[in-house]
Amino acid sequence: MKNLLAVVFLLGLISCGIDNEVHDPNESELPPYTPVALVNPEQEDVFLEPAPQPVDILLVVDKSCSMLDDTTALNLGFVSFINYVTEHNLDYHIGLITTSNNEAVGAGKLVEFMNYSFITPQTPDPIMILSGMNIAAASQGEIEAGIDALSAAMGPRLRRGENTDFFRHGVPLQIVTITDEEDQSHFWTPKSLVLRLFHWMADHQNTVYYSAILTLPESWETCDYAVYSETIGYKYLEVVERVNGMAIDICQNDWSIALEAMAEYATPDPIPEYMLKEHPLLDEEHTIKVLVERDPVTLSFENEGDWTYDPDRNSVWIHTTSDGEAYEHQENDRVKISYTVDMY
């Protein structure tokens, strides 16, 4: 009976809401929690010179028997080619494929040499590596189907596979075909290749240039240096004409001038680019502000189109000043780009 009364008494205490917790009389109550709002910090990057101009250069080289007498000339020409892009401070990717469309030997796949599938400004001895690629490419066969091979190199299978690191989104692509024969492709025509080039520009947000060193109609009968027979590259010339490219005569002993001309053609227009240290906050007001201190004046860039932000490269390209003048980076310019850092 006593136990029953004790249970009833305890239930009564609970139902009455009596506080049974023990409190320390010396303990002060904690203030209510107030979350601290995070503020995106402001950043200012200062540049004394623009970043190297980026360009991807793809060489499509005929390795058939008729080109055997051109291998040495081509390798010597690579010296002028690499020297030009180096002297002009280009951030280059240079790769090489052959004109073979034989899937068994890797049609359209970048030729590798010493574990390099393309060269960059950081490649040790780039001239030696590129020349080695040109020699190693001889094992890919004698098929002269450069249009098929180029289409394969830019196709989804290789673009997302073996060639994926070579092509860069938003970076100009220069294609140079080097051959002394007419194209013998089975799958792609000059017109369908041009369509692929235009689709490529839309998908990759870049410009594609096409040029060729080949046998021209006006020199075919008078070219007397070649050891093997040559034919006119009418199909390659059709591609050149459709994209307003450049064609250079292959009938010459010294290819240095031709390849240097190709390198000059491959050099993009000098639009100054500046690589940001942090990622800017991109909202409706666009937090990026650009100015250039050019003693004794400060140039402003406040109009739409004066500069553009490239999210893929996290960089700012400066085009014109607010006065409408094209901007060219001068030696003593201090470029200041301020923005709110995106912390999320």
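Residues numbered from 1 in each chain as written. Predicted model: local features only at pLDDT ≥ 70, side-chain atom pairs only at ≥ 80, totals over all residues. Heavy atoms only, no water.

Asker: Sorry, what's going on with helix α8 (residues 256-266) here?
Answerer: Think of an α-helix as turning once every 3.6 residues; residues three or four places apart then point the same way. Of the positions making up α8, those classed as buried are Ser256, Ala258, Leu259, Met262, Ala263 and Ala266. In a view along the axis of α8, the buried residues occupy a sector of 165°, so they form one face of it. Opposite the packed face of α8, turned more than 90 degrees from it, sit the exposed residues Ile257 and Glu264. (Buried < 20%, exposed > 50% of the residue type's maximum accessible area, 1.4 Å probe, protein only. Helix = DSSP H or I, 4+ residues; strand = E, 2+ residues; numbered from the N terminus. Arc of directions from axis to C-beta.)

Asker: How should I be thinking about the pattern of salt bridges in this particular structure?
Answerer: Here the idea is simple: oppositely charged side chains can pair when their charged atoms come close. Considering all chains together, one arrives at eight salt bridges under this definition. Ionic pairing is found between glutamate 112 and lysine 109, a salt bridge with its closest N-O pair at 3.6 Å. The partly exposed category is assigned to lysine 109, whose relative accessible area is 23%. The closest approach of N and O atoms between aspartate 333 and arginine 294, which form a salt bridge, is 2.8 Å. Of this pair, aspartate 333 sits in the loop between β11 (315-318) and β12 (334-340) while arginine 294 sits in strand β8 (residues 289-294), placing them 39 residues apart in sequence. (Salt bridge = Lys/Arg side-chain N within 4 Å of Asp/Glu carboxyl O.)

Asker: Whenever I open this one, the packing of aromatic side chains confuses me. Can you help?
Answerer: Each pair of aromatic rings is reported with the distance of its centres and the angle of its planes. Enumeration according to the criterion identifies five aromatic pairs in this entry. Ring plane angle 50° and centroid distance 5.3 Å describe the contact between phenylalanine 47 and tyrosine 274, whose orientation is recorded as tilted. Taken as a pair, phenylalanine 47 in strand β1 (residues 42-47) and tyrosine 274 in strand β7 (residues 273-275) lie far apart in primary sequence, 227 residues in all. Aromatic side chains phenylalanine 167 and tryptophan 200 sit 4.8 Å apart centroid to centroid with 70° between the ring planes, which places their arrangement in the edge-to-face category. Residue phenylalanine 167 is found in the loop between α5 (156-159) and β4 (173-178), and its partner tryptophan 200 is found in helix α6 (residues 190-204); the two are separated by 33 residues along the sequence. The exposure class assigned to tryptophan 200 is buried, which follows from its relative accessible area of 4%. In this structure an aromatic cluster arises from ring pairing among Phe118, Phe166, Phe167 and Trp200. (Phe/Tyr/Trp six-rings, centres within 6.5 Å; stacked < 30°, edge-to-face > 60°.)

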